Each structure stands twice: as C-alpha cells, then as structure tokens.
Amino acid sequence: MSIIFPQKVTRPHSQIFNGILLFISILIVIGVNLLNAKYNAVINRTLIFLLLVLTLKCIGNKLFRNILAAILLVPAAADVTLQLYALNNFNSEFSYGFALSVLNTTPSEAGSMLGLYWRECFIFLVLAALFIYIANTGRWPISYRLRWVPAIILCLTVAGFFTQAYLHQLRKSNVESMTQRVVQATPYSTAKVFMQALEDNAVIADIGNNIPDYRISLSDTGIENYVLIIGESERTANMGIYGYKRDTTPELEKQKQQLLLFRNAIAAAPVTIMAVPLAMTADTVTARDPLKYGDNIINIANKAGYDTYWYSRQGKGGAHNNVIAGIAMNANQHEWVEKGYDEALLPLLSEALKKPGKKLIVLHLYGSHEPACERFPADQSVLSGGSKADDCYDNSVRYTDTLMGNVFRALENTRSSVMYFSDHGLVRDPNRAVVYSHGGVNPPKEALSIPMFIWYGDLVDSKFKVTGDYNTPWSADDVNVLAELWLGIHRQGEPVNTVKSWLAGYDKKVPVLDTTGKNYDWRNIR
C-alpha cells in the first residue's frame, strides 16, 4: 500500500495550535523521562517518539494512519503513565517489582486497582488521545517528495540501537538481552521490565519442571545441619586469613583448626548471575546448557530427603538474579530479606536449626558488593586510616567475618558444618572513580580469586572431618559436585568418593568465562 497521498491543507491558526500540542507532547515525554533516566536515554526516547509522530503524519490514508497510531503511540502513552504512577505513588521509577505485580494480578484485582488509581487511568486516556491527535493534524512535516524520510531515519536509528546493543554484548556483557537494551532506549522503556519479568517466570518454571529423576545413595557424614553460605564480591587479597596485612578475618582465624581452607579457589565467572548458577548446578563452563539448571544442589538435596531452606539478601528477580531465584524457589522454605544487613538472615537460620532432622540451609549474602560502605552498620566500621574505598571494603569483609563468627556460635553445640564460597572477586584499581569493581571482558585473576572453606563443628566425629590447607587450583564450577559429597550423596553409576578422596584426585585445567561468554584458561590470565 502506498503511503504517499495528496497534500494536507490547514489554516494558519490551527497550524499554531497543532504545533503547540506537538511541542507539549514532546515536553511531556522529556519531562517524565528526566525524572528517572539518564540524559542520553531521555534524548533517545524523545528522538524515537518524534520520529514516530513525523512518520505517522506523513501517511495520508486516515484508516492506516490511525491503526498505526494506536499500535505505536498508545503504548507510548502507557509508558509515560506507568512512570508517573510509580513516581506519584511510590516515589520511585517503574521497576521490576511493579511489572511482576501487574503480570501476577488476577482480573478481579485488576478491576479493583483500576478503580483505586482512576487518576492514572484518566491520564493514560488523555495522553493516548493527545498523541493520536497530533499524528492526525497539522501540515506535512516535510515536502511531498521527501515524505519517506522520517520513516527511513526512524528505521536507521532503531537499527543503530540494535547494532550498539549487539556490540555491547560482544565487548562487555551478554547478561541482558539485546532486545531489552534497545527497548530501554525507546518511548516504551517500561516494557523492558515486563519482558524481564516474563523471562524470569519462564526460567523459574523451567527449573522447577526439569528436575532429573535422580538415582542416588547416601552415606553417613556425621553431620545433621549443613549451612551453605554464598558470599558476594569478596577478595582473598583483602582477607587476613589469606595473608592480608589488615585484621579483617579474626573469627575465621580463631577457627583455623576447624577449617578446610582452599588457598587457590577460582570463580567460574566474574559476575553473580553467571558464577552462582555454574557453582550450584550441573551446568559447566566448558559445556554451557541452561537445561542443566534443574540439576542443582537444592533439587538433589530434596531427593535425598533433606529439609531445604534458602534465605537471601540478594534480589529475587531481573536478568542478574532470575536463574538463582529459580533454584532457590525449589527449596522447601525460601525467603528474600530486602531490608537491613546480612545479619538479618541470622534469625531465619536460628528458626531453621530448631527443626528436627537433616537439613540444608543456604544463606545468600550481600557481602562486599559495591558500594561496600552500605554493606555494614555504622558500629561495624572498625578499620580506618586508609583510603575511603579501602576502609569501606575492608570493613565489609570484616563484617562478613563477624557474621561467620555468629554462625559458628549458633552451630557450636550441634553436629553441623558450614561450606562458604564467594561468587566472585573484584578488581581493585585506585585510579578509577569506583576503586573496587566487577571484572568484565578478559577479567584479571583478582576478579576471580575467591575465598572458599568448609568448617566442621566440634561435635562432628573427627573421622568425618577434612581440615588444613588445600593448595590445588580448584574451580567453583565444581561446588555442586563437592557439595553432594559433603552432603553424603552419591549418584548411581559414578565412583563413590568422599570429600577427602575426591579432592585428593582433583587435577584438571580450570576454565573461566568472561561476561561475553568467552572461555579462558586460568593459567593464561594475567
């Protein structure tokens, strides 16, 4: 169908009025997006909105123009309305949690909410009508012969956004989808969180629906309570027990005789969303397969008859958390604690320990994730005299150590064991604005060197304990294998090992991934 039709004819006074309405529409898009977005995102969204309107104004067929206007501009009106809704009612941007609530709302709840937020509904209708109106009025924005130009510029601009997103995935990170990155740069930016919420629901359902038909046997380990703690962004280079000059790990050092301390543990990847699933599931660095996410520590512990718990201070949703949340939600009890500090998990641990029987309790910490100054209460700021960045980071490490001491004391009169590993390390560069930061493409060793240990309580029989220093380079990609042996779980058809025998025979190349998914040999990393 041709979109070139005879020239519109408008009167001078109506031209001024229509120009004012177009100007107001653009100001609305700019103003609302300025409240939450960076200036470059505001520019991109406004540019796309303007090009959409100009393209529609160049279509002479009224029916065709209005169908496209409804398809393209009504969602833009919804985007502005959703941003205003979140700002006016919650003083925040429209985020993942809002999208998840919308998707999980029942029809009756939706009706009630629309009645409650009638003002936002009215705003949406006014904006939708305004945007469609401005696409239908006024002179042709350009000469008759160049009427294809706005559509061509629009297509080229969107193609440029896709190219930029593709290059970002190649050079920096492929955690977020390319489409989501492009959508974020358009006047449909809130669609990104809806896309992520839908993706997360699918990931979580897939993990729950793809549980292997385990064939396992159990052996006695002398342990009743297993506590698996996942740290965050902790560097061995800043831990006293690994030789750091500052006293950041006094509690661990008190327990040195009770520890199996891994001196050369290596994260599988430099970011949480890649490193933790690789550690906790049968997925591996060298043979990536998301279908293996269902084969994880929680599911096999459930099969073995353990009571399973997952308590987290990390986020529940989003591209940086969805797989982890999917694993966690298969635990018999799971909870995400959003307020406070990591110590907020301790009451949950205490309650779980009161339950009878063998149990696996996972604590996922916020640890030393930047900004490290926000990861511990003010009364835990005990180290000073260095740079602000070093003091904050070292105090966050010491706060995690204090938390470990509290965990050890909670378990001291029980047959218990703790396995701890940090998901990844961080890069320290005092010349950067953010001194401690995640590794990315081709990460250095400091971004992947992590603390790892197993602690045994006094009441565990000595014949089941493995303590001392373990110096072999060891990949956290194998946490799931080690954890199964720690739990006394053995898969049929595989050699029956103990923690001690398996570690004694551990001898393999340690591969790691960067944020683009590229594989590296640990020995060749700088």
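The following refers to the structure shown. What you see is a predicted model; the values in this text were computed from it and never measured. (Residues numbered from 1 in each chain as written. Predicted model: local features only at pLDDT ≥ 70, side-chain atom pairs only at ≥ 80, totals over all residues. Heavy atoms only, no water.)

Checked against the element boundaries, arginine 215 lands in the loop between helix H9 (191-209) and strand E1 (216-218). Between the alpha carbons of arginine 215 and isoleucine 16 there is a distance of 77 Å; along the sequence they are 199 residues apart. Apart from residues lying up to four places away in sequence, arginine 215 is in contact with His490, Arg491 and Gln492. In terms of polar contacts, arginine 215 uses its side chain to reach the side chain of aspartate 213, at 2.7 Å. (Helix = DSSP H or I, 4+ residues; strand = E, 2+ residues; numbered from the N terminus. Contact = heavy atoms within 4.5 Å. Polar contact = N/O pair within 3.5 Å; in protein donor to acceptor, adjacent residues only side chain to side chain.)

According to the stated counting rule, one finds three cavities of 30 Å³ or more in the structure shown. Here the largest cavity is characterised by a volume of approximately 40 Å³. Lining the largest cavity we find Glu234, Met239, Thr249, Leu252, Val397, Thr400, Asp401, Met404, Tyr420 and Phe453. Element by element, the count of residues in the lining of the largest cavity is highest for helix H15 (residues 388-411), at four residues. Looking at the lining of the largest cavity residue by residue, the class counts come to six nonpolar, two polar and two charged. In this structure, the second largest cavity encloses a volume near 40 Å³. For the second largest cavity, the lining is made up of ten residues, of which Gly315, Ile324, Ala325, Trp336 and His364 are closest to its centre. Where the lining of the second largest cavity is concerned, the elements lending two or more residues are strand E4 (307-312) and helix H13 (322-328). Each residue belonging to the lining of the second largest cavity can be placed in one class, and the counts come to five nonpolar, five polar and no charged. (1 Å grid on protein atoms, 1.4 Å probe; cavity = no way out; pocket = protein on both sides within 12 Å on 5 of 7 lines; lining within 4 Å. Points joined across faces, edges and corners; volume = space filled by probe spheres on them. Nonpolar A, V, L, I, M, F, W, Y, C, P; charged D, E, K, R; others polar.)

The next point concerns the nonpolar core. The biggest cluster of nonpolar side chains holds 70 residues, and the ones touching the most others in it are Trp310, Leu360, Trp474, Leu482 and Trp486. For this core, the element with the highest residue contribution is helix H11 (residues 272-280), accounting for seven residues. With residues up to four places along the chain from it excluded, the contact list for tryptophan 474 reads Phe262, Asn264, Ala265, Ile266, Met452, Val479, Leu482, Trp502, Leu503 and Tyr506. (Core = buried A, V, L, I, M, F, W, Y, C linked by side-chain atoms within 4.5 Å. Buried < 20%, exposed > 50% of the residue type's maximum accessible area, 1.4 Å probe, protein only.)

Moving on, we get to the pattern of salt bridges. For the structure on display, the rule yields 17 salt bridges. Linking aspartate 283 and arginine 288 is a salt bridge whose minimum nitrogen-to-oxygen distance equals 3.1 Å. Residue aspartate 283 is classed as buried on the basis of its relative accessible area of 1%. Its relative accessible area of 39% is what places arginine 288 among the partly exposed residues. The partner of aspartate 390 in a salt bridge is arginine 428, and the shortest N-O contact between them spans 2.8 Å. Taken as a pair, aspartate 390 in helix H15 and arginine 428 in strand E8 (residues 427-428) lie far apart in primary sequence, 38 residues in all. The class of aspartate 390 is buried, set by a relative accessible area of 12%. A relative accessible area of 32% means that arginine 428 is categorised as partly exposed. (Salt bridge = Lys/Arg side-chain N within 4 Å of Asp/Glu carboxyl O.)

Take the pairing of strand E7 (residues 416-422) next. The side chains of a regular strand alternate between the sheet's two faces. With seven of seven residues buried, E7 lies mostly within the body of the structure. Side chains Ser416, Val418, Tyr420 and Ser422 project from E7 onto one buried face, and the interleaved Ser417, Met419 and Phe421 project onto a second face that is buried too. Across seven bridges, the pairing between strand E2 (residues 225-231) and E7 is parallel. Residue glycine 231 lies in a different strand from E7, and its bridge partner there is serine 422. Where E7 and strand E10 (residues 449-456) come together, five bridges link them in antiparallel fashion. Following the sheet pairing, serine 417 is matched in E10 by tyrosine 456. (Pairing = 2+ DSSP bridges.)

Tracing the backbone through its elements, the reader meets serine 25 in helix H1 (residues 12-34). One polar contact links the side chain of serine 25 to the main-chain carbonyl oxygen of leucine 21, over a distance of 2.9 Å. When sequence neighbours within four positions are dropped, the list of residues in contact with serine 25 reads Phe49, Leu130, Phe131 and Ile134.

The next subject is the packing of helix H14 (residues 346-353) against H15. Where H14 meets H15, the axes come as close as 11 Å, and the angle between the chain directions of the two elements is 15°. By the angle between their directions, the pair H14 and H15 is classed as roughly parallel. Classified by chirality, the crossing of H15 by H14 is right-handed. In this structure, H14 contributes Leu346, Leu349 and Leu353 to the contact, and H15 contributes Leu403, Asn406, Val407, Ala410 and Leu411. Its residues assigned to classes, the contact of H14 with H15 shows seven nonpolar, one polar and no charged. (Axes fitted to C-alpha atoms, helices over the stretch in contact; angles between N-to-C directions. Parallel < 35°, antiparallel > 145°, perpendicular 65-115°, else oblique. Left-handed = near helix turned anticlockwise from the far one by under 90°.)

This paragraph deals with the state of the cysteines. Enumeration over the complete set of coordinates arrives at one disulfide. Disulfide pairing places cysteine 373 opposite cysteine 392 at an S-S distance of 1.7 Å. Every disulfide takes its handedness from the sign of the S-S torsion; for cysteine 373 and cysteine 392 that torsion is 70°, giving right-handed. Here cysteine 373 is found in the loop between strand E6 (359-364) and H15, whereas its partner cysteine 392 is found in helix H15, with 19 residues between them in sequence. Given the relative accessible area of 32%, cysteine 373 is considered partly exposed. Exposure remark for cysteine 392: the relative accessible area of 11% places this residue in the buried category. With no disulfide of its own, cysteine 155 lies closest to cysteine 58 among cysteine sulfurs, the gap being 13 Å. With a relative accessible area of 52%, cysteine 155 lands in the exposed category. (Disulfide = S-S within 2.5 Å.)

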